[in-house]
Amino acid sequence: MRKIEHLGVAVSDLQKSNELFRKLLGKAHYKEETVEGEGVKTSFFQIGETKIELLEATKEDSPIGKFLSKKSEGIHHIAFDVEDIESEVRRLKDAGFEILNEVPKIGADNKLVVFLHPKSTNGVLVELCQERV
Ligand SMILES: CC[C@H](C(=O)O)C(=O)SCCNC(=O)CCNC(=O)[C@H](O)C(C)(C)COP(=O)(O)OP(=O)(O)OC[C@H]1O[C@@H](n2cnc3c(N)ncnc32)[C@H](O)[C@@H]1OP(=O)(O)O
Ligand SMILES: [Co+2]
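Since this is a predicted model, take the numbers as computed values, not measurements.

About the criteria used
Residues numbered from 1 in each chain as written. Chains lettered and ligands numbered in written order. Predicted model: local features only at pLDDT ≥ 70, side-chain atom pairs only at ≥ 80, totals over all residues. Heavy atoms only, no water. Phe/Tyr/Trp six-rings, centres within 6.5 Å; stacked < 30°, edge-to-face > 60°. Helix = DSSP H or I, 4+ residues; strand = E, 2+ residues; numbered from the N terminus. Buried < 20%, exposed > 50% of the residue type's maximum accessible area, 1.4 Å probe, protein only. Near = heavy atom within 4 Å. Polar contact = N/O pair within 3.5 Å; in protein donor to acceptor, adjacent residues only side chain to side chain. Areas by Shrake-Rupley, 256 points an atom, 1.4 Å probe, with all protein chains shown as cover. Nonpolar A, V, L, I, M, F, W, Y, C, P; charged D, E, K, R; others polar.

Asker: How would you summarise the packing of aromatic side chains if you had to cite specific residues and measurements?
Answerer: Counted according to the given criterion, the structure contains 2 aromatic pairs. Here the aromatic rings of F21 and F45 are separated by 6.0 Å at their centres, their planes lie at 45 degrees, and the arrangement is tilted. Placement of F21 in helix α1 (residues 14-25) and of F45 in strand β3 (residues 40-47) is noted, with a sequence separation of 24 residues between them. Relative to F44, the ring of Y30 has its centre 6.1 Å away and its plane inclined at 35 degrees; by these criteria the two rings are tilted. Residue Y30 is located in the loop between α1 and β2 (31-35), and its partner F44 is located in strand β3; the two are separated by 14 residues in the primary sequence. For F44, a relative accessible area of 1% corresponds to the buried category.

Asker: Which residues make up unusual backbone geometry, and what values do they have?
Answerer: The backbone of D109 sits at a positive phi, close to 55 degrees, despite the residue not being glycine. Inspection of the secondary structure puts D109 in the loop between β6 (105-106) and β7 (111-116). Located in the positive-phi region is N122, a residue other than glycine, with phi close to 55 degrees. Mapped onto the secondary structure, N122 falls in the loop between β7 and β8 (126-131). For N122, a relative accessible area of 79% translates into the label exposed.

Asker: So what's going on with the site of ligand 1? Residues and values would help.
Answerer: Near ligand 1, the surroundings consist of 21 residues, among which E38, E53, K66, K70 and A108 are the closest. Side-chain polar atom of E38 to a nitrogen atom of ligand 1: 2.7 Å apart, as the coordinates give it. K70 places a polar side-chain atom, nitrogen or oxygen, 2.4 Å from an oxygen atom of ligand 1. Alone, ligand 1 offers 1100 Å² of accessible surface; in the complex the protein occludes 70% of this. Elements supplying a minimum of two residues to the shell around ligand 1: β4 (50-57), α2 (63-70), β5 (74-81) and β7. Top contributing element to the shell around ligand 1 by residue count: α2, with 4 residues. Here the residues of the shell around ligand 1 are counted per class, giving 9 nonpolar, 6 polar and 6 charged.

So this is what it looks like as structure tokens:
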């Protein structure tokens, strides 16, 4: 793990939250991107070395849709930047963490991503991100 890549925040209305975070952070988001496979539309704010990723569900039956139906808006996951996602998956699996998708999938912001189940990470949904070349 090289650094915190982003903090994922689940929101109900991406445009409203873009404006709120623009006021909060004093700068606008640098991109919006929909990840069809995840049923999510994202918006990214760069803050120093790390980012805030706002996440709005594009369909009810999606991780963010389910999260918002059971909980409220707020912090959804923490993402770590890794150099070699496949070796990190092997290391973490050997260390007893539950990997949700052993095969990395395409994420937002030009990344390959893997998620760990929160029940094996003290209740924190963890995402691993590797820059796609
Ligand atoms: C990839 C695009 C983008 C990127 O950065 O590139 C993203 O980050 S997309 C983010 C959205 N995608 C995901 O989150 C994929 C991984 N998530 C999942 O597979 C599910 O959401 C999962 C397995 C974490 C939860 O599934 P589900 O909601 O169907 O199950 P439950 O509601 O029964 O939850 C089980 C258990 O986990 C707790 N939970 C659920 N979500 C979270 C969370 N975000 N943080 C912490 N804990 C969470 C939930 O409370 C249940 O706990 P329990 O004690 O059993 O009540
Ligand atoms: Co993320």
